[in-house]
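Listed here are the chains, written in short residue letters.
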Amino acid sequence: RGFSVGLGGGIGSGKSAAADRFAELGAAVIDADVISHELTGPGGAAMPAIEQAFGAEAMAADGSLDRAAMRRLVFADASRRAQLEAILHPMIRAVSDARRDAAIIAGAPYAVMVIPLLIESGNHRDRFDRIAIVDCSEALQVKRVMARSGLAAAEVAAILAAQASRQARLAIADDVIHNDADLETLRTQVGVLHAKYCALADKMRD
Ligand code: ATP
């Protein structure tokens with residue numbers, strides 16, 4: 001199936017910045033968030049099942065997912081959240097795996113799969129040859145997300161509290177990308193990892 005790296009990290013940790021650099025270096029980058037948006041966009045493959053499970057209140061006028069309404073629904077009710085995840089996660093996984101396979105067949109040296117909730121979605125060890133975690137202090141996460149989104153500090157803190165802890169993420173990491181400094185420092189670390197992953201992928205092909 002080709003050498004696969006799972007790339008995780010908390011909100012605002014720098015996953016996208018790291019993924020962009022992996023892509024520039026030639027890795028196939030597959031982003032679970034992007035796929036999730038495709039599946040829940042107008043005419044998205046997940047929308048019939050979501051409409052059936054959640055009804056019209058989950059639907060926007062154009063047939064896409066009403067994200068604000070769904071956020072309210074699942075934030076207030078863990079069983080509703082589980083229901084949504086039971087629809088979306090297997091579909092995201094199937095599409096991600098198919099894209100990874102296609103990219104490897106097309107000649108990519110290896111694939112990086114960006115999974116925001118890598119730990120929370122479970123079952124990662126059998127999918128990935130290597131797990132890389134982007135890590136920074138929680139204070140920096142809050143600062144970066146506030147700057148990007150305009151959310152208040154308390155709102156960002158609530159999102160952080162709902163995610164796996166920094167320690168839990170680091171505990172499953174094979175490789176840690178430290179993102180407490182500038183973007184150039186992040187890019188340098190990704191370069192070192194890229195060389196390592198190319199070598200490991202070569203070894204796997206032998
Ligand atoms: P999310 O989980 O919310 O999608 P993410 O983990 O993908 O976030 P990024 O989008 O890469 O994180 O980074 C969050 C914000 O912080 C972005 O605006 C990004 O440009 C900025 N950022 C990331 N790393 C650094 C850095 N080392 N220095 C300065 N800004 C950074």
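Each remark here, short or long, concerns the structure printed above.
Residues numbered from 1 in each chain as written. Predicted model: local features only at pLDDT ≥ 70, side-chain atom pairs only at ≥ 80, totals over all residues. Heavy atoms only, no water.

**A short note on the overall build of the chain**
Next up, step 1: When you go through the chain residue by residue, the secondary structure sums to nine helices and five strands.
Next up, step 2: Ordered by position from N to C terminus, the α and β elements of the chain give β-α-β-α-α-α-α-β-β-α-α-α-β-α.
Next up, step 3: Taken against the 2.2 N^0.38 rule, which gives 17 Å for 206 residues, the C-alpha radius of gyration of the chain at 18 Å falls within 12% of a compact globule.
Next up, step 4: Viewed in the frame of its principal axes, the chain has a C-alpha envelope of about 50 × 40 × 25 Å. (Helix = DSSP H or I, 4+ residues; strand = E, 2+ residues; numbered from the N terminus. Rg over C-alpha atoms; globule rule 2.2 N^0.38 Å.)

**Focus on the site of the ligand**
Next up, step 1: Taken together, 14 residues surround the ligand, and among them K15, S16, R148, N179 and A181 come closest.
Next up, step 2: The separation between an oxygen atom of the ligand and a polar side-chain atom of R148 is 2.7 Å.
Next up, step 3: At a separation of 2.8 Å, a nitrogen atom of the ligand approaches a polar backbone atom of A181.
Next up, step 4: Bound to the protein, the ligand loses 74% of the 630 Å² it would expose on its own.
Next up, step 5: Only α1 (15-25) and α6 (138-149) provide two or more residues apiece to the shell around the ligand.
Next up, step 6: Considering each element in turn, the shell around the ligand owes the most residues, three residues, to α1.
Next up, step 7: Partitioning the shell around the ligand into residue classes produces four nonpolar, six polar and four charged. (Near = heavy atom within 4 Å. Polar contact = N/O pair within 3.5 Å; in protein donor to acceptor, adjacent residues only side chain to side chain. Areas by Shrake-Rupley, 256 points an atom, 1.4 Å probe, with all protein chains shown as cover. Nonpolar A, V, L, I, M, F, W, Y, C, P; charged D, E, K, R; others polar.)

**Some remarks on the packing of helix α2 (residues 32-39) against helix α5 (residues 78-105)**
Next up, step 1: In the contact formed by α2 and α5, the axes pass within 10 Å of each other and the chain directions differ by 115°. Crossing hand, α2 versus α5: right-handed. Residue-level inspection shows A32, I35, S36, E38 and L39 of α2 in contact with α5, the latter providing L88, M91, I92, V95, S96 and R99.
Next up, step 2: Of the residues belonging to the contact of α2 with α5, the class tally is seven nonpolar, two polar and two charged. (Axes fitted to C-alpha atoms, helices over the stretch in contact; angles between N-to-C directions. Left-handed = near helix turned anticlockwise from the far one by under 90°. Contact = heavy atoms within 4.5 Å.)

**Examining α1**
Next up, step 1: Taken together, the buried positions of α1 are occupied by K15, A18, A19 and F22. Summarising the axial view, the buried residues of α1 lie within an arc of 100°, below the 170-degree limit, and thus occupy one face.
Next up, step 2: Note on α1: the residue one or two positions beyond its end, G26, has a positive phi of about 115°. (Buried < 20%, exposed > 50% of the residue type's maximum accessible area, 1.4 Å probe, protein only. Arc of directions from axis to C-beta.)

**Quick notes on the pattern of salt bridges**
Next up, step 1: Under the criterion given, the structure shown has twelve salt bridges.
Next up, step 2: The partner of R166 in a salt bridge is D135, with the nearest N and O atoms 2.9 Å apart. Note that R166 is positioned in helix α8 (residues 166-171) and D135 in strand β4 (residues 130-135), a separation of 31 residues in sequence.
Next up, step 3: R166 gets classed as partly exposed once you look at its relative accessible area, which sits at 25%.
Next up, step 4: Here D135 falls in the buried class, since its relative accessible area comes to 7%.
Next up, step 5: Taking the shortest distance from any N to any O, the salt bridge between K196 and D175 comes out at 2.6 Å. With a gap of 21 residues between them, K196 in helix α9 (residues 183-205) and D175 in strand β5 (residues 175-178) connect regions that are remote in the sequence.
Next up, step 6: Here K196 falls in the partly exposed class, since its relative accessible area comes to 34%.
Next up, step 7: Shared partners join several salt bridges into a network, and the residues in it are R21, E24, E184 and R187. (Salt bridge = Lys/Arg side-chain N within 4 Å of Asp/Glu carboxyl O.)

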